[in-house]
Amino acid sequence: KCPMCRTQTSAYLDAERSELLQIKHPKTYSERQAEETEDEASRESIQPITLNIGNRHALVTPTDGSANMHDWTFFVKPSRTDIIEEVQILLHPTFRPSHIIRSRPPYEIRRLGRGYFTITAAVILRAGYSWVSSDAEPSPDGVEDGMLRLESTMDKSASLRTFRRLLALPQPLRQRTFSILNRPPPNYPGHVPLTLAERGALAVGSAFGSLRNPHRHDLIAALGEATAKPYFISRLRTAMLANPTGRRILRDRPRITSQTMSLEKLRQLPEDTVGRAYAAWLDREGVTPDTRDQVRYIDDPEEAYVMQRYRETHDFTHAITGLPVIIEGELAVKAFEFANTLLPMTALSLVAVVRLKAAERKRFFETYLPWAVSNGLKAEEVINVYWEEELETDVEALRSRLGIEIPPDLREIRKTLRDRNKAEKAARDAKERLGAATGV
Amino acid sequence: MASTALLRRVLALPPPLRRSVYSSANSHNGAREPDIYDVVCIGGGPVGLSFVSALRSHPSTRLLRVALIDSQDLSTSRTTDDTETYSNRCSSLTPASLRFLNQIGAWEKVKRDRAQPYHAMDVWDGVSGSKIHFDSVDQQQTGLLDAVAEMIPGSRFQASRRKYEMEDAVVATMCENSNTTSALLQRLHDLSAEQLGTQSELKMLDKTRVDSIDLGSEPKDEMLLDLSQWAIVSTSHGQLAARLLVGADGANSPVRRFADIPSPGWDYNQHGVVATLHVDRQLTVEDLRTAYQRFLPTGPVALLPLPGNKASLVWSTTPQHAAKLKTLSSTDFIAAINAAFRLMPVDIGYMLSSTSSTNPTDELAWRGTATPASSTGLPRNFPRVEAVQEGSIASFPLRMRHASTYTGHRIALIGDAAHTIHPLAGQGLNLGLADAQSLAHQIAYGVDHGMDVGSCWTLDGYNNDRWAKNNAVIGVVDKLSKIYGVSSGPVVWGRSVGVEVLERLGGLKGWVMGAAAGMK
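All values reported here derive from a predicted model rather than from experimental measurement. (Residues numbered from 1 in each chain as written. Chains lettered and ligands numbered in written order. Predicted model: local features only at pLDDT ≥ 70, side-chain atom pairs only at ≥ 80, totals over all residues. Heavy atoms only, no water.)

Novice: Could you give me a rundown of the domain arrangement of chain A, with the residues and numbers involved?
Specialist: Per the domain assignment, the segments of chain A are domain 1 (51-59 + 67-154) and domain 2 (196-416). Computed over C-alpha atoms only, the centres of domain 1 of chain A and domain 2 of chain A are separated by 72 Å. (Domains from an automatic or database assignment.)

Next up, the structure:
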């Protein structure tokens, strides 16, 4: 439909030109776009409708010699008949009856008459439809602007008058909810709007899927997005907006990828800086800051960015706490993040505690969980840290500014335990062998 | 010799003059008989003036001896004719108040082109975005069939029961206080013209401070008047003894203090910021106007329509925010106002906090694009504020006080002396006008039945009529301000659900509107 006059048109959108205009006049383009979406979403749509009104005429000579009679047919031909309730035709009072109602097409009457006169046709629309016209009147059963009177003067020759009037279509009843067959347009590139049922199914499915296979980071991401609305991601965004640094982050919208974070440069930084610690951690764990999954299921673009930012800075949290990427370390970081950001996915992923071995579980509940909860609660919101600006700060200084204590080095503990077990096992084996050999 | 001649001259005077010479000669100790009035009204604001006008317009009370005392100069309370400037003290007058002003003949003296009736109200929640729309359609009689029709949206049945807006379907009228006051003064002047020089002439003592109010002294002997139970008002123009002393003298009423009537209540820890604004739409008399109000956690912000492209702002907010608003430049102030209606509460709080480093105009430009109107509940035809009238930004502290009783022995309180209320419902002046109407009616009843207008037999009727009604309105408004002061949690959810439900129940909405409009 033409966006200006709203008639059906075969013209199509020139994408190239549209992009050019967007680049040249970004402000006007975005204003017009906002207007259009607002218009479409909330305004009634208006459609023109054509009504042909007229008469066919034939002169008949009556057999009894009286004055000539006119055999005329008066008709109302609208371009759409599905929205017309009825047409009331008002004739000259000498006709009996002078008020004729036609509820079905063809809306016409045929009579024999003696002269010419003006006929008024009142076109009444179905419920929900209304005329957009200053001449529109309320229809007899109370619909506002439902009736339009049109006049036509009978003519010796057949007459025809064409009226073009505007028709207001009713507002669709379900404007905000959508169905699978009627998805609203995406709000940002990659956005997939989901219905409530779809979101619930995604949450449940990804929860179980990521429990069975914790290496499915895409399922964990989907779980995070599906459970973040309605309250939690909004709370996180409000926390960012309440903090001056958080506001700057939302304004600048920096992204952390392997392009924007040059690891070679970070490795050159002095020993105790955040950037160096980050690079060292990435090397130690053998991971890259590479494309974390894009956020797809959160509707508001700004909230989607907050989620993306959380995902991309997760590695920094690992770096400054020194926790490794094995399940135990991840669970400790997730517990810390839940206490700090309140995202439900972080709490739900703690269910993976069942996958730990007994000794690991013991260690988790004794040391790392208490550390995570107490530090997460008392620390500043880590989402508000502008990491790109903190790359050269001293790690200890940053930790004390945020209020985070470093937990016991998990890899060291594990290594020591492993070494001790190995030594004990070797000693046991040696004793056994000795015993077998000596018969003791 | 000279004194004997003088004495003979004095004795030759007619007795009344002789007595007055004698008493003025003895007035060195200042003990003059106080002037006795039937009604002394202290306070020349809209409520006091409307009360006196009501007395003077009613045939029963027209001949009472009435005095009106005010410390301001009442003759200069003329409202300007300049259509470009509007005073920042405007009040919203309900249809009931307008009927009262009409009855006493004052409304026809109001400059009607400076008064703006409005036909709809859009109220929405700043935290959750749930909104409610009031207009005259809901006030028409509804019955069971209409309730059933509402439940089947889009049906022919509902379409057939649709209502139309009535001819004169005004929710309330915005009028500058100076406009109302000058109309009342004009009316009093016209009424006094008929009774010039008579005993029942209205005594208008403006520019007069009340020095003190005391009970009369014990009479020295039985033949003198016993005014020991009467209130004597001492002013620079002499003393007035009041058969009935009416306090219309504002929130810190000296009359209420004299009567020892306690007025419990609390301060809201909010300041009301008022200003006159220019919006981006030039509207005419034929256009339907809407009043807008958004409830933020720090307090409600309202945009009330004035003629043309003007609007009146009333924003109740914390004292810190109010102080910051008054220090902003014009452009920043306008950005802050637009933000108050369009942005999320956290953004508004940040904009007005002392630690914000960016200026409000930039903040609004950025956050405006990131805050979709559908999520904040902004009404579709909400205008954009473009300019603020020079020198019209002011603020005042908000409090709630309600006198324990409105009457005492020969004392009555009306208007702000009796009650102060939060401005979120625009009821303050309307309650005062209703008080004035009720008290005048009660005095007329007393006069018709030969009662002493200052006795409790007359005054109890006024107390019974008004105290409970005012208490209910003050209570509801106070609870509304408390409910909307919460920014998260179950209260937000509860109030949003309540608003959504009320929005769909046309009959109940109509009843609420009727109660707010003062119709009984």
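Still more ground to cover, so stick around.
Novice: Just give me the short version of the packing of aromatic side chains, but keep the residues and values in it.
Specialist: One pass over the full model with this rule turns up 11 aromatic pairs over all chains. Centroid distance F316 of chain A to W387 of chain A: 4.7 Å. Interplanar angle 15°. Geometry classified as stacked. Here W387 of chain A lies in the loop between α12 (358-378) and α13 (395-402) and F316 of chain A lies in helix α9 (residues 301-321), a separation of 71 residues in the sequence. Look at W387 of chain A and you get buried, because its relative accessible area is 0%. Ring geometry for W124 of chain B versus F382 of chain B: centroids 5.9 Å apart, planes at 75°, classification edge-to-face. Of the two residues, W124 of chain B is situated in strand β5 (residues 120-125) and F382 of chain B in the loop between α13 (373-376) and β16 (385-388); the sequence distance between them amounts to 258 residues. Site record: aromatic cluster; members linked through ring pairs are W124, Y292, F341 and F382 of chain B. (Phe/Tyr/Trp six-rings, centres within 6.5 Å; stacked < 30°, edge-to-face > 60°. Helix = DSSP H or I, 4+ residues; strand = E, 2+ residues; numbered from the N terminus. Buried < 20%, exposed > 50% of the residue type's maximum accessible area, 1.4 Å probe, protein only.)

Novice: An account of helix α10 (residues 330-342) of chain B is requested, with residue identities and associated values reported.
Specialist: Residues and elements named next belong to chain B. Its 13 residues give α10 an end-to-end C-alpha distance of 18 Å, which sits within 8% of 18 Å, the value for a rise of 1.5 Å per residue. The element α10 is largely enclosed, with a buried count of 11 among its 13 residues. Among the residues of α10, those classed as buried are D332, F333, I334, A335, A336, I337, N338, A339, A340, F341 and R342. (Expected span 1.5 Å × (residues − 1).)

Novice: I'd love a proper account of the domain arrangement of chain B, names of residues and values included.
Specialist: Residues and elements named next belong to chain B. If you check the domain split of chain B, you get domain 1 (35-115 + 175-263 + 403-517) and domain 2 (267-396). The gap between the C-alpha centroids of domain 1 and domain 2 is 31 Å. In this assembly, 20 residues from domain 1 lie in contact with 22 residues from domain 2. When the two sides are added together, the surface that domain 1 and domain 2 hide from each other amounts to roughly 1,600 Å², 60% of it contributed by carbon and sulfur. In terms of surface lost to domain 2, no three residues of domain 1 exceed Y86, N88 and H422, which account for 37% of the buried area on that side. Inspection of the region where domain 1 meets domain 2 yields 1 salt bridge. On the surface where domain 1 and domain 2 come into contact, there are 6 residue pairs in polar contact (both at pLDDT 80 or more). (Contact = heavy atoms within 4.5 Å. Buried area = accessible area lost by both parts, 1.4 Å probe. Salt bridge = Lys/Arg side-chain N within 4 Å of Asp/Glu carboxyl O. Polar contact = N/O pair within 3.5 Å; in protein donor to acceptor, adjacent residues only side chain to side chain.)

Novice: Let's hear about the UniProt feature "domain: FAD-binding" (unreviewed entry) in chain B: which residues, and what values?
Specialist: Residues given the UniProt feature "domain: FAD-binding" (unreviewed entry) here are residues 37-341 and 392-468 of chain B. End C-alpha to end C-alpha, residues 392-468 of chain B measures 36 Å, and it is 44% helix and 21% strand. (UniProt positions renumbered as here; feature names shortened; annotations may be inferred.)

Novice: Any chance you could break down the environment of R311 of chain A for me, citing the residues and the numbers?
Specialist: For R311 of chain A, the location among the structural elements is in helix α9. With 87 residues separating them along the chain, R311 of chain A and G224 of chain A place their C-alpha atoms 9.6 Å apart.

Novice: Outline the interface of chain A and chain B, supporting the account with residue identities and numerical values.
Specialist: The accessible area lost on association of the parts is a frequent measure of interface size. Listed by partner, the interface residues are 19 residues for chain A and 20 residues for chain B. Of the roughly 1,900 Å² buried between chain A and chain B on both sides combined, carbon and sulfur atoms contribute 52%. Our count for the chain A to chain B interface comes out at 4 salt bridges. A salt bridge links R247 of chain A to E363 of chain B, with the shortest nitrogen-to-oxygen separation between them at 2.6 Å. Applying the counting criterion to the chain A and chain B interface returns 3 residue pairs in polar contact (both at pLDDT 80 or more). Within the residue set of the side of chain A that touches chain B, elements represented by two or more residues are α5 (232-242) and α6 (244-252) of chain A. Residues that form the side of chain A that touches chain B fall into these classes: 8 nonpolar, 3 polar and 8 charged. (Nonpolar A, V, L, I, M, F, W, Y, C, P; charged D, E, K, R; others polar.)

Novice: Could you give me a rundown of unusual backbone geometry, with the residues and numbers involved?
Specialist: P105 of chain A connects to P106 of chain A through a cis peptide bond whose omega is 0°. Turning to its location among the elements, P106 of chain A is positioned in the loop between β4 (99-102) and β5 (107-113). A positive phi angle is found at R253 of chain A, which is not glycine, with a value near 50°. For R253 of chain A, the position within the fold is in the loop between α6 and α7 (263-268). Unusually for a residue other than glycine, N269 of chain B sits at a positive phi of about 50°. In this structure, N269 of chain B sits in strand β12 (residues 265-279).

Novice: Could you give an account of the sheet that holds strand β3 (residues 90-93) of chain B, naming the residues involved and the relevant values?
Specialist: All names here are of chain B. An order of β3-β7-β4 is seen for the 3 strands of this open sheet, with the pairing classed as antiparallel. The sheet terminates laterally at β3 and β4 (116-118), the two strands that pair on one side only. Here the average twist between neighbouring strands, direction ignored, is 25°. Note: β4 against strand β7 (residues 172-176), 3 bridges, orientation antiparallel. Bridge assignment links Q116 to a residue of β7, and that residue is M174. (Pairing = 2+ DSSP bridges. Axes fitted to C-alpha atoms, helices over the stretch in contact; angles between N-to-C directions.)

Novice: Give me the pairing of strand β13 (residues 290-296) of chain B: which residues, what numbers.
Specialist: Residue and element names in this part refer to chain B. Of all the 7 residues making up β13, 7 are buried; the element is thus mostly covered by neighbouring parts of the structure. Burial of β13 is two-sided: the residues T290, Y292, R294 and L296 facing one way and the residues A291, Q293 and F295 facing the other way are all buried. Judged from the 6 bridges that link them, β5 and β13 form a sheet pairing that is parallel. Looking across to β13, one finds that D122 is bridged to Y292. Pairing of β13 with strand β14 (residues 299-305), which is carried by 5 bridges, proceeds in the antiparallel orientation. Bridge assignment links Y292 to a residue of β14, and that residue is L303. Adjacent in sequence and paired antiparallel, β13 and β14 are bridged by 2 residues.

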